[in-house]
Amino acid sequence: MRSSKKMQDQMAGHETTGQGTMEPEVAVGSEVEPINEMSPAQAELEQVKGEQDQLLDRLARLQAEFDNARKREAKERADSRDYTVSNTVEPFLGVMDNFQLALKANGTAAQLRSGVELILKQMEDALKGLNVQAVETVGTQFDPRIHEALGSIETKEFPDHQVLEEIRRGYRIREKLLRPALVRIAANPNQVAD
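Computed from a predicted structure; not experimentally measured.

Student: How should the sheet that holds strand E6 (residues 171–173) be read in this particular structure?
Tutor: The strands making up a sheet associate through hydrogen bonds between their backbones, and the pairing can be parallel or antiparallel. Taken together, three strands build an open sheet; the order of strands is E3-E6-E7 and the sheet is antiparallel. Looking at the sheet topology across the chains shown, the edges are occupied by strand E3 (132–134) and strand E7 (176–179). Neighbouring strand axes in the sheet, compared pairwise and without regard to direction, differ in orientation by 35° on average. Relative to E7, E6 is paired through three bridges, and the arrangement is antiparallel. Considered in E7, the bridge of Arg-172 is made with Leu-177.

Student: What am I meant to see in helix H2 (residues 40–104) here?
Tutor: Residues lying three or four places apart along an α-helix face the same way, a consequence of the helix completing one turn every 3.6 residues. Taking 1.5 Å per residue as the helical rise, H2 with its 65 residues ought to reach 96 Å, and the 93 Å between its terminal C-alpha atoms agrees with that figure. Along its length, H2 reaches its greatest deviation from straightness, about 35°, at Glu-90, and the proline Pro-91 lies no more than four positions downstream. The complete set of buried residues in H2 reads Phe-92, Val-95 and Ala-102. At its buried positions, H2 is contacted by helix H3 (109–129).

Student: For this particular structure, what's the right way to read a nonpolar patch on the surface?
Tutor: A cluster of nonpolar side chains, namely Val-85, Val-89, Leu-93 and Met-96, defines an oily patch on the protein surface of about 340 Å² accessible area. You can see Met-96 is positioned in helix H2. Judged by its relative accessible area of 48%, Met-96 is partly exposed.

Student: Looking at this model, I keep getting lost on the sheet that holds strand E8 (residues 181–187). Mind explaining?
Tutor: Ordered in space as E4-E8-E5, the three strands form an open sheet in which the pairing is mixed. Single-partner strands in this sheet number two, and they are strand E4 (147–154) and strand E5 (163–168). The mean inter-strand angle of the sheet, taken between neighbouring strand axes irrespective of direction, is 30°. As defined by bridge partners, E5 adjoins E8 across four bridges and the pair is classed as antiparallel. Residue pairing in the sheet places Glu-165 in a bridge with Arg-184 of E8.

Student: Please explain the side chain of Thr-137 as it appears in this structure.
Tutor: Tracing the sequence through the fold places Thr-137 in the loop between E3 and E4. The class for Thr-137 is buried, based on a relative accessible area of 8%. When near neighbours in sequence (up to four residues on either side) are disregarded, Thr-137 contacts His-147, Val-163, Glu-166, Ala-181 and Val-183.

Student: Would you mind showing me how to read the packing of H2 against H3 here?
Tutor: Packed helix pairs are characterised by how far apart their axes lie and by the angle those axes make with each other. The contact between H2 and H3 brings their axes to 9 Å, and the two run at 170°. In this view, H2 runs roughly antiparallel relative to H3, as classed from their interaxial angle. Contacts between H2 and H3 involve Pro-91, Phe-92, Gly-94, Val-95, Asn-98, Phe-99 and Ala-102 on the former and, on the latter, Leu-112, Ile-119, Gln-122, Met-123, Ala-126 and Leu-127. When the residues that make up the contact of H2 with H3 are grouped by side-chain class, the tally is 10 nonpolar, three polar and no charged.

Criteria and cut-off values
- Residues numbered from 1 in each chain as written.
- Predicted model: local features only at pLDDT ≥ 70, side-chain atom pairs only at ≥ 80, totals over all residues.
- Heavy atoms only, no water.
- Pairing = 2+ DSSP bridges.
- Helix = DSSP H or I, 4+ residues; strand = E, 2+ residues; numbered from the N terminus.
- Axes fitted to C-alpha atoms, helices over the stretch in contact; angles between N-to-C directions.
- Expected span 1.5 Å × (residues − 1).
- Bend = angle between axes of the 7 residues up to and from the residue.
- Buried < 20%, exposed > 50% of the residue type's maximum accessible area, 1.4 Å probe, protein only.
- Contact = heavy atoms within 4.5 Å.
- Patch = residues over 30% accessible without salt bridge, like charges linked within 9 Å, V, L, I, M, F, W, Y side chains within 5 Å.
- Areas by Shrake-Rupley, 256 points an atom, 1.4 Å probe, with all protein chains shown as cover.
- Salt bridge = Lys/Arg side-chain N within 4 Å of Asp/Glu carboxyl O.
- Parallel < 35°, antiparallel > 145°, perpendicular 65-115°, else oblique.
- Nonpolar A, V, L, I, M, F, W, Y, C, P; charged D, E, K, R; others polar.

Next up, the structure:
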């Protein structure tokens, strides 16, 4: 009976496999319709391409965000620098105005000196507003951290290494030294130097 069934299947265009299932027999010269379903490898490839496109898009967005953040930070830094400079320069504009008025003034030497002293006072006030203070010099003991000795003066009246003369004023901002004071110090031969 199997052989007759096999024969019938062959006539009908089916071939029996060893396990009893039937597969259609393809006739030579007939057209095979393409299968609309993708193979698993093609589906996986399409999925990987989609993920790649998403990652490239995400990378482009992150690069744009990074560039924008870098530009924003540079602008904020420039704005902060400009703000600091403007706040620092503003107190000195009045000092410059007074110097210009002093140059235009027709007065005696005493009047000019008095005007320059007022301008110097205004300048010192502007520096104090910025927490810049003069380094103490004359009458203090020489300190190499804040003083720079340009010479010594031999004397028996003052203790050794006492600052006797200020040549150029030194300044500090809070505790940080901006520049040392240039001074001349006492050299007393009767005292032993430390």
